[in-house]
Amino acid sequence: MNHATGLDHIGIVCRDLDATAQTFEAAGFVVTPLAAHEGGRTGNRCVMFRDGGYIELVSTLPGGTSATLDRFLARHEGAHILALTIDDPEAVAERLNRAGITSNASRSERPVDSAGPIARFTLLTPPDRPEGRVHLIRHETPGALWQDRFLHHPNGATALAEVVLTVAEPAQTAAWYSRLAGRSVV
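Residues numbered from 1 in each chain as written. Predicted model: local features only at pLDDT ≥ 70, side-chain atom pairs only at ≥ 80, totals over all residues. Heavy atoms only, no water.

### Examining the confidence of the model for the protein
Reasoning step 1: Averaged over all residues, the pLDDT of the protein is 93; the fraction at 70 or higher stands at 99%.
Reasoning step 2: For the protein, per-element mean pLDDT is lowest for strand E6 (residues 104-111), which scores 85, and highest for helix H1 (residues 17-26), which scores 98. (pLDDT = per-residue confidence, 0-100. Helix = DSSP H or I, 4+ residues; strand = E, 2+ residues; numbered from the N terminus.)

So, in structure tokens, the structure goes:
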């Protein structure tokens, strides 16, 4: 398939990863252990849902820097990353190229925690939007992230069902996301 097949995750950019994780835990979510990204400058903790999707809490790590996260934080702490699920990165990249959307393709991996498996995924990332960053993602090792120990939240949450964007130009933004996802605007 050369189009997005669903909502994968949202990324909440924060200044204090531990404090943000504690807020989510206090709201009844199970939060994964810290996972450092490649290079060790940034890291995340996630809220995984058994019926699909997840929330990524992301921040710089002590001693680390990230111009991208700093740019997002200059606007506000909160959701700045949206990821859509894809099945065939090569076919999607070809479609995006035909649609005039440049995207950087990368393969990445990171440990889920210090003792856990390695999560591997392929990302297509077009230029950042005013509302934040968008990824098209295929998880190569979904079982590494969606582990049973992370999927049962005391608050009963089971899925990330939708994301609402608040933008200055809704029609233009919807048209761009339609081109990106390869789906009609509803």
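### Focus on the pairing of strand E5 (residues 78-85)
Reasoning step 1: Among the eight residues of E5, six are classified as buried, and the element is accordingly described as predominantly covered.
Reasoning step 2: As paired elements, strand E1 (residues 6-13) and E5 share seven bridges and run antiparallel to each other. Residue pairing in the sheet places Leu 7 in a bridge with Leu 84 of E5.
Reasoning step 3: Across five bridges, E5 lies against strand E8 (residues 133-139) in parallel orientation. (Buried < 20%, exposed > 50% of the residue type's maximum accessible area, 1.4 Å probe, protein only. Pairing = 2+ DSSP bridges.)

### Quick notes on helix H5 (residues 170-181)
Reasoning step 1: For H5, built from twelve residues, the straight-helix expectation of 16 Å at 1.5 Å per residue is met to within 8% by its first-to-last C-alpha distance of 16 Å.
Reasoning step 2: Listing the buried residues of H5 in full gives Thr 173, Trp 176, Tyr 177, Leu 180 and Ala 181. Burial along H5 is one-sided: seen end-on, the buried residues are contained in an arc of 125°. Away from the buried face of H5 by more than 90 degrees, exposed residues Ala 171 and Gln 172 are located. (Expected span 1.5 Å × (residues − 1). Arc of directions from axis to C-beta.)

### With respect to the packing of aromatic side chains
Reasoning step 1: Taken as a whole and assessed by the stated rule, the structure comprises four aromatic pairs.
Reasoning step 2: Consider the rings of Phe 24 and Phe 29, whose centres lie 5.8 Å apart with planes at 50°: the pair is tilted.
Reasoning step 3: Relative accessible area serves as the criterion here: at 17%, Phe 24 is assigned to the buried category.
Reasoning step 4: Relative accessible area serves as the criterion here: at 18%, Phe 29 is assigned to the buried category.
Reasoning step 5: Taking the centre distance of 5.0 Å and the plane angle of 90° together, the rings of Trp 176 and Tyr 177 count as edge-to-face.
Reasoning step 6: Three or more aromatic residues joined by ring pairs make a cluster, and in this case those are Phe 24, Phe 29 and Phe 49.
Reasoning step 7: If you follow Arg 129 out to its NZ or CZ, it ends over the ring of Trp 176, 4.3 Å from the centre. (Phe/Tyr/Trp six-rings, centres within 6.5 Å; stacked < 30°, edge-to-face > 60°. Lys NZ or Arg CZ within 6 Å of the ring centre and 35° of its normal.)

### Details of the nonpolar core
Reasoning step 1: Phe 24, Ile 55, Leu 57, Leu 136 and Leu 180 are the most contacted members of the largest nonpolar core, which totals 27 residues.
Reasoning step 2: Looking at this core, the elements that each hand over two or more residues are E1, H1, strand E4 (54-60), E5, helix H3 (89-98), E8 and H5.
Reasoning step 3: It is H5 that provides the largest number of residues to this core, a total of four residues.
Reasoning step 4: Residues in contact with Phe 24, not counting those within four places in the same chain, are Ile 12, Phe 29, Val 31, Val 47, Ile 55 and Leu 57.
Reasoning step 5: Formed by 13 residues, the second largest nonpolar core is a distinct cluster that contains Met 48, Val 112, Ala 119 and Ala 144. (Core = buried A, V, L, I, M, F, W, Y, C linked by side-chain atoms within 4.5 Å. Contact = heavy atoms within 4.5 Å.)

### Things to note about the sheet that holds strand E2 (residues 35-36)
Reasoning step 1: The eight strands lie next to each other as E2-E3-E4-E1-E5-E8-E7-E6, forming an open sheet whose pairing is mixed. The strands lining the two open edges of the sheet, one partner per strand, are E2 and E6.
Reasoning step 2: Inspection of the sheet shows E6 paired to strand E7 (residues 118-125) by eight bridges, in the antiparallel sense. Within E7, the residue paired with Ser 106 across the bridge is Leu 123.
Reasoning step 3: Of the strands in this sheet, E5 and E8 touch H5, which is tilted by about 20° from E8. (Axes fitted to C-alpha atoms, helices over the stretch in contact; angles between N-to-C directions.)

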